[in-house]
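Inside the fold
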Amino acid sequence: MADHKIKRFSTYRIAEHWVHMAIFIVLVVTGLSQKFYYLDISLWLIFHLGGIDYVRLIHRYTGIIFLIAISMHVITGIAGIAFRRWKPTMVINKKDFIDAVYNIKYYLGMEDHPAICDRYSYRQKFEYWGVLIGSIIMVFSGLILWFPVFVTRFLPGEVIPAAKVLHTNQALLIFVIIALWHIYNSIFSPEIFPIDKSIFTGSISRDRMLREHPVELARMEGRPIDEMQ
Amino acid sequence: MLSKNTHTGIIVALLLLIFAASPAEPQSSALSDEAQKCLSCHSQHGLVKTFENRDTLEAYVDSEKFKASAHGSLKCSDCHVDFAGEKHPQRRFRSKEQYKTKSAMTCRKCHRCEQIKTKSIHSRLLSEEDSGISHLCTNCHGSHSIKPVSRKTFKNEEQYCLKCHGHKLNMGFKSGENLSLKIDLSLLQNSVHKRLSCSDCHFGFSNSQHPQRNFKGMRDLSIANSETCRRCHFDKYTKTMESIHYTMLSQGNLNAPVCTDCHGSHSILHFGKERTIIAQRCRKCHTGIFEVYSESVHGKALFDEHNQDVPVCIDCHTAHDIKNPLTLDYREKIPDMCSNCHANEAVVRKYGLSTDVVKTYLSDFHGVTLSFYRKQREEFNKPARQIAVCTDCHGTHNIVSTRSTDPATVKTNLARRCQQCHKDAAKNFPDTWLSHYEPTLANAPLVFIVTMIYKIFTPVMVIGIILQILLHIWRYAVNR
């Protein structure tokens, strides 16, 4: 029963991850090269993408695709919960904060086992909400920067430079979260190295479920959490 | 065979012959009896001739100079034909000019036209006589102090040339124009070229050569003469070949300026000392722009306060390789031109101006786009759109200080300027630009707060993530 595979993600989620990954890479390449315009690598990139005008064009239209992808994600998420297709497993609750403290205690050797998590661990939830809220900020601040003349007809002019610092700083923050936290957790973490394939294959081994999502596994197998092994 | 004595005899005889042939004294000492007689009165000051128009002329002759002159051995009456011995008629002349003209005609008795015509300068002057312009021999050659025209006569070439060119002398052109060839010695002596000889610039002219040149008009002469400058200032000459002025000239616009139009010819000065002169030179053609400039914050400081920090024309347009300022190439370099001073603490600090102006422009949307366009054009020859540079908001020649203008007016003007590119920009659109200020809580609270939040939040986040990762790895290692 050790290498028994458990279905974790639907094909829709697998596709969604691919799409978001592609969008993310395009936006980061075209965006950060504009943020760090004075670096040689940025110049090289921008020139090889056909010049600053093309880079901006790519960035903006990819931003539109991103807006659609994010909207679809939020709508399907809410609709799924509304029509009881799935449970609001991503919603942060009190247990997540308790888990966070517990897990740090475990890391420091004050507890003898890691926090016992449900379908999504507190780390995954915090990352998810951080990136989701950040993405919404990115989309809106990006739109403001794209249409400054239109926006300032309703809002004070200062909104534009504020949107600029928001967009550029939030971009860096998301990039850091993804590049450090997400990549570590799905590639470099010693527990899953060389790569966590579950988002690409849609399935996960029972071993990892037991280790990482014991609450969900217990519910799936209809057994009390204390008897899980 | 000749004997030894015969040899000695021949040598002695030859030596005697040589000594006998050489005169004991220079010939010039020999004043004629008549001259001595005349000079007994005329070598003294005080003899004054009054003409009908009340002009006066002193009838004084410097006997030493006359003795040393080429005509020192002549009798007075050889030239003053009305006089001889006891004959001393009372003559009446309308003016000094009439007298001089009459007197000078006497030269032609000996120095026949056909003879003197062989020199090109004479031939030209004589040809002018036909059209009624008279040239007096004495104007150039002098009268009693007349000297044979040879290299030794003059201390330097300048003196030689000014012998004629120090006097009223005109050059006619086919176009009917007339150019005075009179050179003011004091101008020459004050010019930076005071050590040069005339022929250093007037190539082809010398003590022995005075070529006859034919120009359609005065302008053609100026253009041709300015070509001489390059013989020394070749670097500047090659620079001018890249200038819009040279392009215009080579397209046939003879009014396009050449070296001498800005620098002058015989009165060339160092520009560095007096920057107002530079603006004045450009004014000769660019009058309208000069007027606007002189009303600008830069122009006023230059002319009213004699401020030498402010830019004059050449600081932006350069002096020699002046480019067409309407090209994209020129436009893209405008921030560089402004930053020459406005990014230089030493220059602008004393006026209470901030050097942030350039930095804030370059790091904002317009500045970043501009620097990309510029690099793209330089490296890939990629066409670019126009993008706002300093002058688009501040103006070019008409730059005024924003301090002297009411902020509301500045904003209205700015909004109008924004609308030229951002078509439907609202009145508050200029607020999207922080006016070269770094955001502070006072002038841009929203921008400042957002920046501060991220300044704190991002490092906290990064440190937190790294700590989590390290703890995780550490726990994993311990558990194994």
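Residues numbered from 1 in each chain as written. Chains lettered and ligands numbered in written order. Predicted model: local features only at pLDDT ≥ 70, side-chain atom pairs only at ≥ 80, totals over all residues. Heavy atoms only, no water.

**Considerations on the overall build of chain B**
Helices and strands together make up the secondary structure of chain B, namely 27 helices and four strands. Relative to the compact-globule value of 23 Å for 480 residues, chain B shows a C-alpha radius of gyration of 39 Å, a clear excess of over 25%. Summarising its shape, the C-alpha atoms of chain B cover approximately 140 × 80 × 40 Å along the three principal directions. Within chain B, buried positions represent 27% of all 480 residues. Taking the contacts inside chain B whose residues are at least 6 apart along the sequence as the reference set, 57% of them involve residues at least 24 apart. (Helix = DSSP H or I, 4+ residues; strand = E, 2+ residues; numbered from the N terminus. Rg over C-alpha atoms; globule rule 2.2 N^0.38 Å. Buried < 20%, exposed > 50% of the residue type's maximum accessible area, 1.4 Å probe, protein only. Contact = heavy atoms within 4.5 Å.)

**Regarding the overall build of chain A**
On a plain count of helices and strands, chain A comes out with ten helices and two strands. When its C-alpha atoms are laid out on the principal axes, chain A stretches across 60 × 40 × 35 Å. Classification of the 229 residues of chain A by burial places 41% in the buried group. Pairs at least 24 apart in sequence give 63% of the contacts found in chain A among residues at least 6 apart. Summing over all exposed atoms, chain A offers an accessible surface of approximately 12700 Å²; the carbon and sulfur share of this is 70%. (Areas by Shrake-Rupley, 256 points an atom, 1.4 Å probe, with all protein chains shown as cover.)

**Describing the interface of chain A and chain B**
Across the boundary between the two partners, chain A contributes 45 residues, which contact 45 residues of chain B. Summed over both sides, the interface between chain A and chain B buries roughly 4000 Å², with carbon and sulfur atoms accounting for 69% of that surface. On the chain A side of the contact with chain B, Phe47(A), Tyr107(A) and Glu158(A) bury the most area, a combined 17% of that side's loss. Linking chain A with chain B are two salt bridges, by the criterion used here. With its nearest N and O atoms 3.9 Å apart, the salt bridge here joins Lys164(A) to Asp364(B). Applying the counting criterion to the chain A and chain B interface returns 15 residue pairs in polar contact (both at pLDDT 80 or more). For the side of chain A that touches chain B, the secondary-structure elements that each account for two or more residues are α2 (40–48), α3 (52–82), α4 (94–107), α5 (122–146), α6 (148–151) and α7 (159–188) of chain A. In terms of residue count, α7(A) provides more of the side of chain A that touches chain B than any other element does, 15 residues in total. (Buried area = accessible area lost by both parts, 1.4 Å probe. Salt bridge = Lys/Arg side-chain N within 4 Å of Asp/Glu carboxyl O. Polar contact = N/O pair within 3.5 Å; in protein donor to acceptor, adjacent residues only side chain to side chain.)

**Focus on the pattern of salt bridges**
The final tally for this structure, using the stated rule, is 32 salt bridges over all chains. Between Glu16(A) and Arg13(A) there is a salt bridge whose closest N-O contact spans 2.8 Å. Note that Glu16(A) and Arg13(A) are positioned in helix α1 (residues 11–35) at a spacing of three residues, about one turn of the helix. According to the relative accessible area criterion, Glu16(A) is buried, its value standing at 12%. A salt bridge links Asp315(B) to Arg275(B); its shortest N-O distance comes to 2.5 Å. Of the two residues, Asp315(B) is situated in helix α19 (residues 313–317) and Arg275(B) in helix α16 (residues 275–283); the sequence distance between them amounts to 40 residues. Asp315(B) gets classed as partly exposed once you look at its relative accessible area, which sits at 34%.

**Things to note about a nonpolar patch on the surface**
All names here are of chain A. Together, Ile25, Val29, Leu49, Tyr54, Leu57, Ile58 and Tyr61 give the surface a local cluster of nonpolar side chains, amounting to about 620 Å² of exposed area. Elements that contribute at least two residues to the nonpolar patch include exactly α1 and α3. The biggest single contributor to the nonpolar patch is α3, with four residues. (Patch = residues over 30% accessible without salt bridge, like charges linked within 9 Å, V, L, I, M, F, W, Y side chains within 5 Å.)

**Here's the deal with the domain arrangement of chain B**
As far as domains go, chain B holds domain 1 (28–147), domain 2 (149–240), domain 3 (351–438) and domain 4 (444–480). Centre-to-centre, using C-alpha coordinates, domain 1 of chain B lies 107 Å away from domain 4 of chain B. (Domains from an automatic or database assignment.)

**Let's talk about the nonpolar core**
In this structure, Ile177(A), Trp181(A), Val447(B), Ile465(B) and Ile469(B) are the most contacted members of the largest nonpolar core, which totals 17 residues. At the level of secondary structure, the elements contributing two or more residues to this core comprise α5 and α7 of chain A together with α27 (445–479) of chain B. Per-element accounting of this core gives the leading share, eight residues, to α7(A). Look past the residues within four positions of Ile177(A) in its chain and what remains in contact with it is Glu127(A), Val131(A), His182(A), Met461(B) and Ile465(B). (Core = buried A, V, L, I, M, F, W, Y, C linked by side-chain atoms within 4.5 Å.)

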